[in-house]
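Secondary and tertiary structure notes
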Amino acid sequence: MRSTFATATVRLYRLDDGDPVAETLFYGPLDEALAIAAAQSDDLQASLWIATDNDVAPYLDLADE
């Protein structure tokens, strides 16, 4: 089960197909991570991932929930 409560600590990161090294953009509460991700361009949003303590999901999957 995903940790989707607003204060869950998550890692927001960018993973580019051309570069296998993930770039961490933010580490903190889920609600802040979602706000930061939403402020990015559409192209960048497509490469964003959110890791909780028990799951990893593409940002766009969570944005649709």
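In this report, we go over the structure that sits alongside the text. Computed from a prediction, not measured in an experiment: that's the story for all the values here. (Residues numbered from 1 in each chain as written. Predicted model: local features only at pLDDT ≥ 70, side-chain atom pairs only at ≥ 80, totals over all residues. Heavy atoms only, no water.)

Things to note about the pairing of strand S2 (residues 19–29)
The pairing of strand S1 (residues 9–16) with S2 spans 7 bridges and is antiparallel. Opposite Val10, over in S2, you have Gly28 as the bridge partner. (Pairing = 2+ DSSP bridges. Helix = DSSP H or I, 4+ residues; strand = E, 2+ residues; numbered from the N terminus.)

Structural notes on the environment of Thr24
Checked against the element boundaries, Thr24 lands in strand S2. Spatially, the C-alpha atom of Thr24 lies 4.2 Å from that of Tyr13, the residues being 11 residues apart in sequence. What Thr24 contacts, discounting residues up to four positions off in sequence, is Arg11, Leu12 and Tyr13. Within polar-contact distance, the side chain of Thr24 engages the side chain of Arg11 at 2.8 Å. (Contact = heavy atoms within 4.5 Å. Polar contact = N/O pair within 3.5 Å; in protein donor to acceptor, adjacent residues only side chain to side chain.)

Comments concerning the pairing of strand S3 (residues 48–51)
By the bridge criterion, 4 bridges tie S1 to S3 in an arrangement that is antiparallel. Directly across from Arg14, in S3, lies its bridge partner Leu48. Note that S3 and strand S4 (residues 56–58) share 3 bridges and pair antiparallel. Bridging across to S4, Trp49 finds its partner in Pro58. Between S3 and S4, which pair antiparallel and follow one another directly, the connecting turn spans 4 residues.

Remember, this is a structural readout, not a statement about activity or role.
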